[in-house]
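Residue-level listing of the chains:
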Amino acid sequence: MQTQKVVIVGQGYVGLPVAMRAVAQGYDVVGLDLNQLRVSQLSNGISYVEDVSEAELRTALETGRFHPSSRYEDAQDFDFAVISVPTPLNESIPDLSFIESAGESLAPHVRSESTVILESTTYPGTTEELLVPVLEQGSGLKAGRDFSVGYSPERIDPGNAIWNFQNTPKVVSGVDERSTERVIRFYKSLVDVVVPVKSPREAELTKLLENTFRHVNVALVNELAMFGHQLGVDVWNAIEAAGTKPFGFMKFTPGAGVGGHCLPVDPSYLLWEVRRKLGKGFRFVELANDINDHMPDYVVQRLMIGMNERSKALRGSKILLLGLSYKAGTGDIRESPSMKVMTALKELGADVYALDPFVDEAIWPTTAKRVESTRQVGDIDAAILLVDHPNVDYSGLNEAECYVLDVRNRISGENVEHL
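Looking at an unreviewed UniProt entry, the protein carries the name Nucleotide sugar dehydrogenase, with the source organism given as Paramicrobacterium chengjingii. Per UniProt, the protein has the following entry under Sequence similarities (unreviewed entry): "Belongs to the UDP-glucose/GDP-mannose dehydrogenase family."

Visitor: I tried to follow the packing of aromatic side chains on my own but got confused; where do I start?
Guide: Two descriptors summarise a pair of aromatic rings, namely the distance from one centre to the other and the angle between the planes of the rings. In the structure shown here, the tally under the stated rule is six aromatic pairs. Look at Tyr27 and Phe80: their rings are 6.5 Å apart centre to centre, the planes differ by 80 degrees, and that puts the pair in the edge-to-face class. Pair noted here: Tyr27 is in the loop between α1 (15–24) and β2 (28–32) and Phe80 is in strand β4 (residues 80–83), with a separation of 53 residues, a long-range link. With respect to burial, Tyr27 and Phe80 carry one shared label: buried. Members of the aromatic cluster, joined through ring pairs, are Tyr27, Phe80, Phe186 and Tyr187.

Visitor: Sorry, what's going on with the pattern of salt bridges here?
Guide: Note on pairing: side chains with opposite charge can pair once their charged atoms come close. Under the definition given, this model contains 29 salt bridges. In this structure, Glu54 engages Arg58 in a salt bridge whose closest nitrogen and oxygen atoms are separated by 4.0 Å. Residue Glu54 and its partner Arg58 are located together in helix α3 (residues 54–62), separated by four residues, close to a single helical turn. Given a relative accessible area of 34%, Glu54 falls into the partly exposed group. A salt bridge links Lys369 to Asp351; the nearest nitrogen and oxygen atoms lie 2.5 Å apart.

Visitor: Explanation requested: unusual backbone geometry in the structure shown.
Guide: Backbone geometry places Asp77, a non-glycine residue, at a positive phi of 65 degrees. The backbone of Glu113 sits at a positive phi, close to 85 degrees, despite the residue not being glycine. Summarising the element assignment, Glu113 is placed in the loop between α4 (97–106) and β7 (115–118). On the accessibility criterion, Glu113 (42% relative accessible area) is partly exposed.

Visitor: Teacher, can you tell me more about the packing of helix α7 (residues 200–231) against helix α9 (residues 266–278) here?
Guide: Between two packed helices, what matters for the description is the angle formed by their axes and the separation of those axes. Two elements in contact, α7 and α9, have axes separated by 8 Å at closest approach and are oriented at 115 degrees. Considering the relative orientation of α7 and α9, their crossing is left-handed. On the side of α7, the interface is formed by Leu205, Lys207, Leu208, Asn211, Thr212 and His215, while α9 contributes Asp266, Pro267, Tyr269 and Leu270.

Visitor: Just to check I follow, could you spell out the sheet that holds strand β8 (residues 148–151) for this structure?
Guide: The strands making up a sheet associate through backbone hydrogen bonding, with each pair oriented either parallel or antiparallel. Spatial strand order, β3-β2-β1-β4-β7-β8-β9-β10: eight strands in an open sheet with mixed pairing. Where the open sheet ends on each side, the last strands, each with one partner, are β3 (66–69) and β10 (194–196). Taken pair by pair, the neighbouring strands of this sheet meet at an average axis angle of 25 degrees, ignoring direction. Judged from the four bridges that link them, β2 and β3 form a sheet pairing that is parallel.

Visitor: Would you take a moment to explain the environment of Lys318 for this structure?
Guide: Relative to the assigned elements, Lys318 resides in strand β11 (residues 318–322). Lys318 gets classed as partly exposed once you look at its relative accessible area, which sits at 24%. Placed 31 residues apart in sequence, Lys318 and Gly349 show a C-alpha to C-alpha distance of 9.7 Å. Lys318 has contacts with Asp351, Tyr353, Asp379, Ile380, Asp381 and Ala382, leaving out every residue within four places of it along the chain. A distance of 3.1 Å separates a polar atom in the side chain of Lys318 from a polar atom in the side chain of Asp379.

Visitor: Would you mind going over the sheet that holds strand β12 (residues 351–355) with me for this structure?
Guide: What the six strands build is an open sheet, ordered β13-β12-β11-β14-β15-β16; its pairing is parallel. Strand pairing shows two members of the sheet lacking a second neighbour, β13 (369–370) and β16 (416–418), which therefore form its edges. Pairing of strand β15 (residues 403–406) with β16, which is carried by three bridges, proceeds in the parallel orientation. From the neighbouring strand, Leu405 faces β16, where its bridge partner is Glu417. Most of the contacts of helix α11 (residues 295–309) go to β15, to which it runs at about 155 degrees, and overall it touches β11, β14 (382–385), β15 and β16. In the packing of helix α12 (residues 337–347) onto the sheet, the strands contacted are β11, β12 and β14, and the crossing angle to β11 comes to about 175 degrees.

Visitor: Would you take a moment to explain the environment of Glu414 for this structure?
Guide: As for its placement among the helices and strands, Glu414 is situated in the loop between β15 and β16. Sequence-wise, Glu414 and Arg201 are 213 residues apart; in three dimensions their C-alpha atoms are separated by 53 Å.

Visitor: Can you walk me through α1 in this structure?
Guide: Helical periodicity: at 3.6 residues per turn, an α-helix aligns residues three or four positions apart in one direction. Extensive coverage of α1 is indicated by the burial of nine of its ten residues. Regarding α1, the residues found buried are Gly15, Leu16, Pro17, Val18, Ala19, Met20, Arg21, Ala22 and Val23. Those residues of α1 that are buried are in contact with β1 (5–9), β2, α2 (36–43), α3 and β3. Positioned one or two residues after α1, Gly26 has a phi angle of 100 degrees, which is positive.

Procedures and definitions
Residues numbered from 1 in each chain as written. Predicted model: local features only at pLDDT ≥ 70, side-chain atom pairs only at ≥ 80, totals over all residues. Heavy atoms only, no water. UniProt positions renumbered as here; feature names shortened; annotations may be inferred. Phe/Tyr/Trp six-rings, centres within 6.5 Å; stacked < 30°, edge-to-face > 60°. Helix = DSSP H or I, 4+ residues; strand = E, 2+ residues; numbered from the N terminus. Buried < 20%, exposed > 50% of the residue type's maximum accessible area, 1.4 Å probe, protein only. Salt bridge = Lys/Arg side-chain N within 4 Å of Asp/Glu carboxyl O. Axes fitted to C-alpha atoms, helices over the stretch in contact; angles between N-to-C directions. Left-handed = near helix turned anticlockwise from the far one by under 90°. Contact = heavy atoms within 4.5 Å. Pairing = 2+ DSSP bridges. Polar contact = N/O pair within 3.5 Å; in protein donor to acceptor, adjacent residues only side chain to side chain.

Below, the structure written as structure tokens:
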């Protein structure tokens with residue numbers, strides 16, 4: 001039997017793990033990305049995604065079935081194509097130009113029996129209203145009759161050591177029955193559990209629901225943390241106690257806000273679609289946005305109050321930030337609340353230092369001096385623990401004499417306050 005050809009458009013934190021799994025399962029895979037640097041790194045066995053080790057990447061290359069490329073010509077004669085390109089917000093409006101461009105570039109290579117699957121996060125209706133017409137126009141074929149189209153939301157959680165692409169249940173859909181069957185068959189060859197839904201719209205909404213649920217609940221505990229501090233209540237202790245309930249409660253913890261590729265973006269896709277189609281507001285999302293967006297400001301305010309109580313001015317002080325990425329275990333600084341805290345401190349005249357072993361030097365912000373260890377705190381005036389990365393020694397903060405604001409409830413000491 002001839003090896004089937006799979007094209008993965010987008011070789012980022014979503015597309016690259018899919019490509020690696022497809023190679024491991026025997027597919028001939030083209031990892032397509034327009035970023036020439038990424039293609040060069042992949043071709044040389046250099047991984048820029050935490051969840052894909054360089055050993056795994058080299059193994060894929062050695063099979064001769066993984067072909068990093070920036071040329072859509074290499075998509076010719078594909079059996080399956082997976083689109084995993086960014087879908088950012090542009091002034092609160094969804095930017096689907098990457099999906100549209102990928103569809104237009106793939107369309108000339110769509111043939112009878114091809115299957116195209118969208119994985120990018122988007123609003124309900126995108127697959128059928130945007131992608132299908134683009135593919136039909138560029139191929140001269142009819143979706144459903146001639147080729148198959150489906151949607152399967154990505155569920156990659158960067159830095160998660162337990163749940164990965166293979167063992168996380170995969171929601172799948174198709175524009176018609178035959179498309180659904182093909183999408184199911186493809187993902188069954190890659191993951192342990194496949195969850196079919198009746199149409200792409202339900203699958204698209206599933207992704208937005210998952211992240212809106214998280215967004216709203218993070219906002220809940222963030223606001224609770226602010227009120228708890230004002231009321232003199234240890235909200236962290238209350239959360240831990242509530243977490244012992246085996247039913248009816250799911251534990252979420254406070255932080256400096258939300259960041260990354262999902263929570264600051266996905267709920268706003270749903271908000272935009274509700275406003276556009278129904279002319280109504282989505283009050284839960286609007287409130288969650290307001291709370292989470294202002295958490296970096298609250299963190300800076302708490303730092304200023306803590307320093308003021310110790311007769312220190314923020315202007316001219318040396319402030320150490322621990323963690324610049326948006327979450328523990330990853331070096332991704334996109335939409336990171338830590339970056340917003342850093343910017344606010346600089347604008348207020350602070351001299352900012354930062355420690356984050358996960359953030360690559362190539363994307364390190366010029367506004368923060370890099371520190372390699374908490375043992376280097378020296379004459380730092382204050383520190384904020386923003387991201388509790390694994391395998392980082394925070395003991396230097398316990399021993400330091402400076403004021404420490406711990407946003408993640410990771411350390412304790414006479415000089416430490418918690419969010």
